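# Structure at a glance
The chain contents come next:
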Amino acid sequence: MKQLFAAIPGVDKCKQSLLAQDPSLQNMSSELLRILITQYWDNYRQKIKSGQITSITELELQHHLPNLLRFVQKGQKPRFKKVLNATGIVIHTNMGRSVLSHAAQQAVQLAAANYSNLELDLSTGLRGSRYALVEHLLAQVTGAEAGLVVNNNAAAVLLLLDTFCAGSEVIVSRGELVEIGGSFRIPAVMSKTGAILREVGTTNRTHLEDYAAAITPQTKALMRVHTSNYRIIGFHSRVPLEDLAKLAAERGLLLLEDLGSGSLVHFDINGLDEPTVQETVRYADVVTFSGDKVLGGPQAGLLVGKAALIQKLKANQLTRALRCDKLCLAALEATLRCYLDQQGAKAEVPTLAGITVKPWDLAGQSSRLARGFTQALEGKCEVSVRDAVSRVGGGAFPQADLPTSLVCLQPTKVSAAELKAKLLSTEPPVLGYLDQDAFCLDPRTLAEADYPLLFQAIMQAFAELEAAHS
Ligand SMILES: *Cc1c(COP(=O)(O)O)cnc(C)c1O
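Criteria and thresholds
Residues numbered from 1 in each chain as written. Predicted model: local features only at pLDDT ≥ 70, side-chain atom pairs only at ≥ 80, totals over all residues. Heavy atoms only, no water. Helix = DSSP H or I, 4+ residues; strand = E, 2+ residues; numbered from the N terminus. Buried < 20%, exposed > 50% of the residue type's maximum accessible area, 1.4 Å probe, protein only. Areas by Shrake-Rupley, 256 points an atom, 1.4 Å probe, with all protein chains shown as cover. Lys, Arg positive; Asp, Glu negative; His and termini not counted. Charge placed at Lys NZ, Arg CZ, Asp CG, Glu CD. Pairing = 2+ DSSP bridges. Axes fitted to C-alpha atoms, helices over the stretch in contact; angles between N-to-C directions. Contact = heavy atoms within 4.5 Å. Parallel < 35°, antiparallel > 145°, perpendicular 65-115°, else oblique. Nonpolar A, V, L, I, M, F, W, Y, C, P; charged D, E, K, R; others polar. Domains from an automatic or database assignment. Expected span 1.5 Å × (residues − 1). Arc of directions from axis to C-beta. Disulfide = S-S within 2.5 Å. Core = buried A, V, L, I, M, F, W, Y, C linked by side-chain atoms within 4.5 Å. Right-handed = clockwise from strand over helix to strand, strands pointing away. Near = heavy atom within 4 Å. Polar contact = N/O pair within 3.5 Å; in protein donor to acceptor, adjacent residues only side chain to side chain. Salt bridge = Lys/Arg side-chain N within 4 Å of Asp/Glu carboxyl O.

## Quick word on the overall build of the protein chain
The number of helices and strands found in the protein chain is 19 helices and 17 strands. Taken along the three principal axes of its C-alpha coordinates, the protein chain extends 80 × 50 × 50 Å. A buried classification covers 47% of the 470 residues belonging to the protein chain. Total accessible area computed for the protein chain in this model is approximately 23,000 Å², and 52% of it derives from carbon and sulfur atoms. Of note, the protein chain has its 47 positive side-chain charges centred 6 Å away from the centre of its 46 negative side-chain charges.

## Observations concerning the sheet that holds strand 10 (residues 254–260)
If you trace the seven strands from one edge of the open sheet to the other, you get 4-12-11-10-9-5-8, paired in mixed fashion. With one partner strand each, in any of the chains shown, strand 4 (146–150) and strand 8 (196–200) form the two edges of the open sheet. Across the sheet, the axes of successive neighbouring strands diverge by a mean angle of 25°, strand direction being ignored. Inspection of the sheet shows strand 9 (residues 219–225) paired to strand 10 by five bridges, in the parallel sense. Across the sheet, residue A221 finds its bridge partner in strand 10, namely L254. Across the face of the sheet, helix 6 (residues 132–142) comes into contact with strand 4, strand 11 (286–290) and strand 12 (301–305) while running at roughly 120° to strand 4. Sheet contacts for helix 10 (residues 241–251): strand 9 and strand 10; angle to strand 10, the most-contacted strand, approximately 150°.

## With respect to the packing of helix 2 (residues 11–21) against helix 3 (residues 30–49)
Where helix 2 contacts helix 3, the axes come no closer than 10 Å and their chain directions differ by 110°. As judged from the angle between their axes, helix 2 and helix 3 are roughly perpendicular. Packed against helix 2, whose contacting residues are V11, C14, K15 and L18, the element helix 3 presents S30, L33, R34, I37, T38 and W41 at the interface. For the contact of helix 2 with helix 3, the residue count by class is six nonpolar, two polar and two charged.

## Brief notes about the domain arrangement of the protein chain
With domains assigned, the protein chain is organised as domain 1 (2–75), domain 2 (84–92 + 355–469) and domain 3 (100–348). Spacing between the C-alpha centres of domain 1 and domain 3 amounts to 52 Å.

## As for helix 17 (residues 359–376)
In this model, helix 17 (18 residues) spans 26 Å end to end at C-alpha, consistent with the 26 Å of a helix rising 1.5 Å per residue. The complete set of buried residues in helix 17 reads L362, Q365, S366, L369, A370, G372 and F373. Burial along helix 17 is one-sided: seen end-on, the buried residues are contained in an arc of 165°. Looking at helix 17, the residues exposed on the side facing more than 90 degrees away from the buried face are W360, R371 and Q375.

## As for the state of the cysteines
Taken as a whole and judged by the stated rule, the model has zero disulfides. No disulfide involves C440; its nearest neighbouring cysteine sulfur is the one of C408, lying 3.2 Å away.

## Some points on the nonpolar core
By size, the foremost hydrophobic cluster in this structure holds 54 residues, and its most contacted members are L222 and Y339. Both domain 2 (84–92 + 355–469) and domain 3 (100–348) contribute no fewer than three residues apiece to this core. Discounting chain neighbours no more than four positions away, the residues touching L222 are I171, Y211, L244, L247, A248, L253, L254, L255 and L256. Listed in part, the 33 residues of the second largest apolar core include A155, A156, V157 and I310.

## Side note on the environment of S168
Within the fold, S168 resides in the loop between helix 7 (153–165) and strand 5 (169–173). Considering only alpha carbons, one finds S168 and A104, 64 residues apart in sequence, at a separation of 40 Å. Ignoring anything within four residues of it in the chain, the contact list for S168 reads G194, A195, I196, Q218 and K220.

## Some points on the pairing of strand 9
A large share of strand 9 lies buried, amounting to six of its seven residues. Pairing geometry for strand 5 and strand 9, over four bridges, is parallel. The partner of E169 across the bridge, within strand 9, is T219. Following the backbone out of strand 9, through helix 10 and into the adjacent parallel strand 10, one traces a crossover that is right-handed.

## Some thoughts on the site of the ligand
R97, N152, N153, A154, I180, F184, H226, S228, D258, G260, S290 and K293 make up every residue found near the ligand. Measuring from an oxygen atom of the ligand, one finds a backbone N or O atom of N153 at 3.0 Å. For the shell around the ligand, the secondary structure elements donating two or more residues are helix 7 and strand 10. Counted by class, the shell around the ligand contains three nonpolar, six polar and three charged residues.

## Considering the pattern of salt bridges
Where side chains of opposite charge bring their charged atoms close, a pairing between them can arise. Per the counting criterion, the structure on display carries 20 salt bridges. Between E119 and R127 there is a salt bridge, and its shortest N-O distance comes to 2.7 Å. Among the ionic pairs, E464 bridges to K422, the shortest N-O distance being 3.2 Å. Here K422 lies in helix 18 (residues 416–422) and E464 lies in helix 19 (residues 451–469), a separation of 42 residues in the sequence.

This is how it looks when you write it as structure tokens:
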């Protein structure tokens, strides 16, 4: 074993061979290069210890050089990468949900590169509140008396229940005991805050009388949760918010609503629409929603509602722990500003633009892409265009079919599944999906400015697949 350890090539020797292979590594810090080389061989030290490597020839540098080079080249790049979303899912949680508007991108840049008035009141020069930066705007675009921003909507719900309902009962319909991806469950969040869940009604039907009958002296609030990622269809009913508001007012209770992917604008997707934040906050005392779902801004949790209640939320010690940072606030302000003009917002906020783009525009884009691929991949791949539907994602409009037009690639020598897998490691990675025997790209979530990158990645994938097969 001693001999094996001694046979591991030295760092300097590796460095020399790597630089001969790729002179651009000269620009890399030599310390980082040393660390990466050591990391690469650490893996083999483990293998020697566990008896997986038993001969010196397995450790020859010549033999390892291509792998070592790839390891070093990869290690020098950031792990956080741009990827091309060709899934057509506009709000894709695995790919960072919303792409920010141009104005929001600039605001982030400004906040990142400079000192700012984050907690500075410029009218007095004294300490101010970070929440004041967006509160007025938030109230203006939602019609609420006041608002507060925290780290995400899960934090908003936690803060809400902790502030008003700890140790008290909260009534929720059995049809709304939601689990969101990443295991955010309403009943679990409640028990974390010490709020006591009182389930009422049935999975498919809950009536006003169910809520009324469950009220006890310990009840503090009625709560509605947006059934974000699923729908109950068929024989079902839900109590209108207006009626719940009346009941809550009569019995001196709070009416709280977790809207999930709250929207500030109406969409008409084949007749499907969801209540906006503005409509909800007219009846509910406090409404929470996400910043990076349909709103199209940064990750944030927004709470809007009655001023006295928002004041209590701010005073909760948890607020400090759940606060959002300056980059988020900068992006959020710029995003909310877009909504001062609702039609303008649909053009400027990429998430809204992605949801509302016209089917004929998508058809034009997919035929343009298809022409390009047909030319570039002649003999390697069948290219076609197919009608299909895309999804909003992010738990918004789960039933809405957005008509779209896909570009479908059917490689002749390898399977579509192999192409899909290969595209995870191209530069940049491309995420699409399999439909029948084709790998499909939905232009809805692709920026036209990225088409050259898309071509580059697809060509790289075909070249590497062919090299592996020949
Ligand atoms: C998405 C969602 C959440 C969680 O929001 P995050 O911003 O992801 O923390 C909570 N409740 C509902 C109803 C949701 O749809």
